[in-house]
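Descriptive structure summary
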Amino acid sequence: MAPPAPIQPQPFRPAAMRIGALLAGLCVLAALLSLVWTPHPVEGIDISARLQPPGGAHPLGTDQLGRDILSMLMVGARTSLAVALIAVGIGMAAGVPLGLLAAARRGGIVDAVVMRLNDLVFAFPSLVIAILVTAILGPSATNAILAIGIFNIPVFARVTRGAALSLWTLDFVRAARLAGKGAARISAEHILPNIAALLIVQGTIQFSLGILAEAGLSYVGLGAQPPVPSWGRMLADAQTLIALAPHVALMPGLAIVLTVLGLNLLGDGLRDRLDPRLGGQG
Amino acid sequence: MTLLSVQGLRLALGGREILAGVDLAIAPGTVTGLVGASGSGKSLAALAIMGLAPEGAATGGSVRLGGREMQGAPEADLCRIRGRDIAMIFQEPLTALDPLRTIGDQVAETLLIHRACPRPEARARAGAMLARVGLPPERVPPGRYPHELSGGQRQRVAIAMAVALRPRLLIADEPTTALDVVTQAQILGLMRGFVAAEGMALLLISHDLAVVAGMADRVAVMSEGRIVEEGPARALIAQPAHAATRALVAAATHRPARAAPPAPGPDAAPLLACREVSRSYPLPRPHPFAARPRLLALDRVSLALARGESLGIVGASGSGKSTLGRAVLGLDPIDGGEITLGGVRVDPARMPQALRARMQAVFQDPYASFDPRQSVGRLVAEPFHLAPDVPAAERRDRVAEALRDVGLSPDDAGRRIHAFSGGQRQRIALARALVLRPDLIVLDEAVSALDPAVRARILDLLAALQARHGLAYLFIGHDLEVVGAITDRVIVLEAGRIVETGPTARLLAAPAHPHTQALVAAVPRLPP
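Throughout, residues of each chain are indexed from 1 in the direction in which the sequence is written. Chains and ligands are labelled by the order in which they are written, letters from A for the one and numbers from 1 for the other. Only residues with pLDDT of at least 70 get local features here, since the model is predicted, and only at 80 or more are side-chain atom pairs given and counted; chain-wide, interface and lining totals rely on the full set of residues.

Turning our eyes to something else, we now look at the overall build of chain B. In this text, helices come from DSSP runs of H or I with a minimum length of four residues, and strands from runs of E with a minimum of two, each type numbered from the N-terminal end. When helices and strands are tallied, chain B shows 18 helices and 20 strands. Since a compact globule built from 528 residues should have a radius of gyration of about 24 Å, the 25 Å found for chain B is in line with a globular shape. Within chain B, contacts between residues at least 6 apart in sequence are counted, and of these 69% link residues at least 24 apart. The globule rule is 2.2 Å times the number of residues to the power 0.38, and the radius of gyration it is compared with is taken over C-alpha atoms. By the criterion used throughout, residues are in contact when their C-beta atoms, derived from the backbone, lie within 7 Å.

This next bit is on the overall build of chain A. Within chain A, the secondary structure is distributed over 9 helices and 0 strands. From first element to last, N terminus to C terminus, chain A shows the α and β order α-α-α-α-α-α-α-α-α. Overall, chain A is about 75 × 50 × 30 Å in size when its C-alpha atoms are taken along their principal axes. Split into buried and exposed, the 282 residues of chain A put 45% on the buried side. Partly exposed residues are those whose C-beta has more than 12 but fewer than 20 other C-beta atoms within 10 Å; with 20 or more the residue is buried, with 12 or fewer it is exposed, and the C-beta atoms are placed from the backbone.

Attention shifts here to unusual backbone geometry. Residue and element names in this part refer to chain B. A positive phi angle, close to 50°, is found at Arg437, a residue other than glycine. Looking at where Arg437 falls in the secondary structure, it is placed in the loop between helix H14 (422-434) and strand S17 (440-444). When the 16 C-beta atoms within 10 Å are taken as the criterion, Arg437 is described as partly exposed. Unusually for a residue other than glycine, Ala495 sits at a positive phi of about 50°. Along the chain, Ala495 falls in the loop between strand S19 (489-494) and strand S20 (497-503).

Let us now look at the pairing of strand S1 (residues 4-13) of chain B. All names here are of chain B. DSSP bridges decide pairing: two strands pair if at least two such bridges lie between them. Inspection of the sheet shows S1 paired to strand S2 (residues 16-26) by 8 bridges, in the antiparallel sense. Among the inter-strand pairings, Leu4 is bridged to a residue of S2, identified as Ile26. Counted between consecutive antiparallel strands, the loop separating S1 from S2 contains 2 residues, among which Gly14 sits at a positive phi close to 60°.

This brings us to the packing of helix H2 (residues 69-104) of chain A against helix H3 (residues 109-122) of chain A. Residue and element names in this part refer to chain A. In the contact formed by H2 and H3, the axes pass within 7 Å of each other and the chain directions differ by 145°. The handedness of the crossing between H2 and H3 comes out as left-handed. Here H2 contributes Leu98, Leu101 and Ala102 to the contact with H3, which in turn contributes Val110, Asp111, Val114 and Met115. Residue classes follow a fixed rule: Ala, Val, Leu, Ile, Met, Phe, Trp, Tyr, Cys and Pro count as nonpolar, while Asp, Glu, Lys and Arg count as charged, and any other residue, Gly among them, counts as polar. Across the contact of H2 with H3, the residue classes break down as 6 nonpolar, no polar and 1 charged. Only the contacting stretch of a helix is used when fitting its axis, a line to C-alpha atoms as for every element, and angles between N-to-C directions run 0 to 180 degrees. We call a crossing left-handed when the near helix sits turned anticlockwise from the far one by less than a right angle, and right-handed when that turn is clockwise.

The interface is formed by 19 residues belonging to chain A together with 25 residues belonging to chain B. Of all the secondary-structure elements, those providing two or more residues to the side of chain A that touches chain B are helix H6 (171-178) and helix H7 (183-219) of chain A. The dominant element in the side of chain A that touches chain B, judged by the number of residues it contributes, is H6 of chain A, at 7 residues. In the side of chain A that touches chain B, the residues fall into 10 nonpolar, 5 polar and 4 charged.

Residue and element names in this part refer to chain B. Every buried residue of helix H18 (residues 514-522) is accounted for by His515, Thr516, Leu519 and Ala522. Viewed end-on, H18 has its buried residues packed into an arc of 130°, placing them on one side of the element. The inward-facing, buried residues of H18 contact helix H6 (181-198), strand S13 (310-314), helix H16 (480-484), S19, S20 and helix H17 (504-509). Arc definition: directions from the helix axis to the C-beta atoms.

Residues and elements named next belong to chain B. With mixed pairing, the 6 strands of this open sheet are ordered in space as S6-S7-S8-S3-S9-S10. The outermost strands of the open sheet, each flanked by one partner alone, are strand S6 (86-89) and strand S10 (226-232). Here the strands of the sheet are splayed against their neighbours by 20° on average, with no regard to which way each runs. Two strands pair when backbone bridges link them, and strand S3 (residues 31-35) and strand S8 (residues 201-206) are joined in this way by 5 bridges, in the parallel orientation. Opposite Val35, over in S8, you have Ser206 as the bridge partner. On top of the sheet, helix H5 (residues 151-163) reaches S6 and strand S7 (169-173); it is set at about 175° to S6, its chief contact. Lying over the sheet, helix H9 (residues 243-252) contacts S3, strand S9 (218-223) and S10, oriented at roughly 110° with respect to S9.

In this section: the environment of Thr323 of chain B. All names here are of chain B. Summarising the element assignment, Thr323 is placed in helix H10 (residues 321-328). Sequence-wise, Thr323 and Ala429 are 106 residues apart; in three dimensions their C-alpha atoms are separated by 20 Å. When neighbours within four sequence positions are excluded, Thr323 is seen to be in contact with Arg279, Ala297, Leu298 and Asp332.

Our next topic: the confidence of the model for chain A. Residues and elements named next belong to chain A. On average, residues of chain A carry a pLDDT of 85, and 93% of them reach 70 or more. For chain A, helix H4 (residues 126-137) is the element with the lowest average pLDDT, namely 80, and H2 is the one with the highest, namely 92. When the criterion is pLDDT under 50, residues 1-7 qualifies, and its contacts beyond four places in sequence or with other chains add up to 12 contacts. Counting interchain partners and residues more than four positions distant, the pLDDT-below-50 stretch residues 278-282 has 14 contacts. Values of pLDDT, which run from 0 to 100, indicate the predictor's confidence residue by residue.

Turning our eyes to something else, we now look at the packing of H7 of chain A against helix H9 (residues 246-274) of chain A. All names here are of chain A. Closest axis-to-axis distance for the H7/H9 pair is 8 Å, and the angle between their directions is 170°. The orientation of H7 with respect to H9, classified from their angle, is roughly antiparallel. Side by side, H7 and H9 meet where Ala197, Ile200, Val201, Thr204, Ile205, Phe207, Ser208, Ile211, Leu212 and Ala215 of the first sit next to Ile256, Thr259, Val260, Leu263, Asn264, Leu266, Gly267, Leu270, Arg271 and Leu274 of the second. In the contact of H7 with H9, the residues fall into 14 nonpolar, 5 polar and 1 charged. We call two directions roughly parallel when the angle between them is under 35 degrees, roughly antiparallel when it is over 145, roughly perpendicular when it lies between 65 and 115, and oblique otherwise.

Right, let's get into the confidence of the model for chain B. Detail in the predicted coordinates should be disregarded across regions flagged by low pLDDT. Residues at a pLDDT of 70 or more form 98% of chain B, whose mean pLDDT is 88. In the predicted complex, the global pTM is 0.82; the interface-specific ipTM is 0.78.

Residues and elements named next belong to chain B. The 6 strands are arranged S16-S17-S18-S13-S19-S20 in an open sheet whose pairing can be described as mixed. Whereas interior strands pair on both sides, the edge strands pair on one side only; in this sheet they are strand S16 (359-362) and S20. Strand-to-strand twist across the sheet, computed as the mean angle between neighbouring axes with direction ignored, equals 15°. Relative to S19, S13 runs parallel, the two sharing 4 bridges. Bridge pairing links Gly312 to Val490 in S19.

So, about helix H4 (residues 119-132) of chain B. All names here are of chain B. In this analysis, the expected span of each helix is defined as 1.5 Å times one less than the number of residues it contains. In a regular helix each residue adds 1.5 Å, so 14 residues correspond to 20 Å; H4 covers 20 Å between its end C-alpha atoms and thus fits that length. Taken as a whole, H4 has its buried residues at Ala122, Ala126, Met129 and Leu130. Seen end-on, H4 carries its buried residues on one side only, within an arc spanning 95°. On its buried face, H4 is in contact with helix H3 (103-113) and H5. Phi turns positive, to about 95°, at Gly134, one or two residues after H4.

It is worth spelling out the environment of Ile47 of chain A at this point. Residue and element names in this part refer to chain A. Here Ile47 shows up in the loop between helix H1 (13-36) and H2. Between the alpha carbons of Ile47 and Gln64 there is a distance of 7.6 Å; along the sequence they are 17 residues apart. Each residue touching Ile47, except ones within four places of it in the same chain, is listed here: Leu65 and Gly66.

Written out as structure tokens, the structure is:
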């Protein structure tokens, strides 16, 4: 019996991953920098300098209130990243243990209850859940986090359970049972480290989806509230001006597209890198 | 007149030379065996002959089929040759078939791709072909999917696909290594019949000289990327010239030297006792409102194993032998009866740590037996979970001692598991089983995945460890000869029931039950 042969990774992968890391890194850097410095204050309303095209003192132009778009994008990155990151955190913190539990009690009543609850959450579109949460708690960035986070839980629970189920049938888990280890210990010591790569990849995908979801919620007014800048609301505000000053809508749109693209490329690259079957570092 | 002529076939993968000039000639209608230890390059040679060398491999030399050069021929030409003139059967019948297509469609596909006939006729010919390989439509309809078949039946489908167009050359790469001995004998017989009836040439690749010996007219021995010896099968096995051939012959006839089993005391209680053990599995309901039928995997099995003794459990796939092993280990529950170890009841729901520590196991697949993310030292030390009061320094010493015991170096503790071969991994699995100094080790097909030379060394090691530590073995396997090499007594299981039991030598020499006779007859042997 031979070990599974490594699959040759495609040659353009490393370059794609580097581009992804660059785009995502740029977004993180902008968000961090905005904590200490922005080119202009984001609350600096200057009606006389409104709708200026890119160039000069405002590299990406100004919006309908004369605010610097670059500064707003930088601060908006903070909102997007924070919301997506915490939402992924909530999804992992709740979803992974649930998935491990379901796999450990596979075929039992606990498994059935966990998975049917997952189906229940899946049955609602994310926007409906978000509207539900904000209807109860009021619109804010915190509630957007909660809404997106709840939606992440079943995603992580399913991925975890699926991967854990196939590991539970392997002989090394049997060997661990022979060493007297219980289901909780086996899940923590043997299952979790072996599915970590998969979870990291799923995490980057959910992260980029979180950014999209936050932009969507802000767009319909259920996310971060003014004056906190957010990419989705910038897009919504610029919508009526699209014929007059297209750059006002274009810049936040590009920011969303490039960040999500970057995270997806990074996630793909990480999967190739972390999956031992694909010939990387196991 | 040769059908296939291979001259100076070279293959390098990632800068490492794997085939260093293979020369081979196959005459039409003959069976050629290609044998060699694991890693000698047999499988890559077969793939390179087909023009299917892995991506990134550099190949050279000449492969001529019926006088036509295949090396460097355009892919479109090779596609016309593959399946029509040369066909191949692979080792793993599950992955060689498309899981989403019916077996009838898969056999018909070969005919359709080569435009041998229109679709309805291809269907009919596929059905006839499946019937010829022993899958008649009334028992196994062509509308079945691969997952509904057993391993042996899947390999029959693979044969039907390969021979559908009556290729001139059939290449079979370890076609029976994943099967039990009885099924192996059936599949080999089927292939032999086809080759004779259709006048095909067969290149049979195997690591087991005994498998090839019963089939081949000529045998070529491969070692380190070269054919080191070639000749008529009988002559070559009777008088092997090259060291690699002698090693293969020795491995196929090897029996480990064993000490006599300890004489049982007059009223000594057995170490392990199973009384009327039964276990059944629920099957899918035939229709939504039917009661679930149950498959009886173990039917009132009773056995006793004394301290220091070794007992073999032999049976074909699905006979319940692994179920019995897992029940003894307390991994799976039983429905009826009782299992005791040293007088204490084995119950998976309530297993005292002290009882757990008295038995360990080695499993079949050396690649699935270890958590790939842990060091060897940590893997071997895993059973210390059962002995939390052993201090760290003593753990290290005992891991080192266990590694030395199985013929590895204590320095190996710091290495990662992927650095080790299949045989070395089974040694590490043994070290893990030994580290707590248990009374009983369950060996569940522990040597079935290894090639004969490695298997022989592991069997020697098992015999030596048993003598040194007074271990009791429950040795589970499908090959009566292999099981017999290491056990004093054998129990033969068929469909969950014990059909025969007795001293190993007696069972091998004079099997009484028809099923035991079939098992003994199926064991591949070198000609005397």
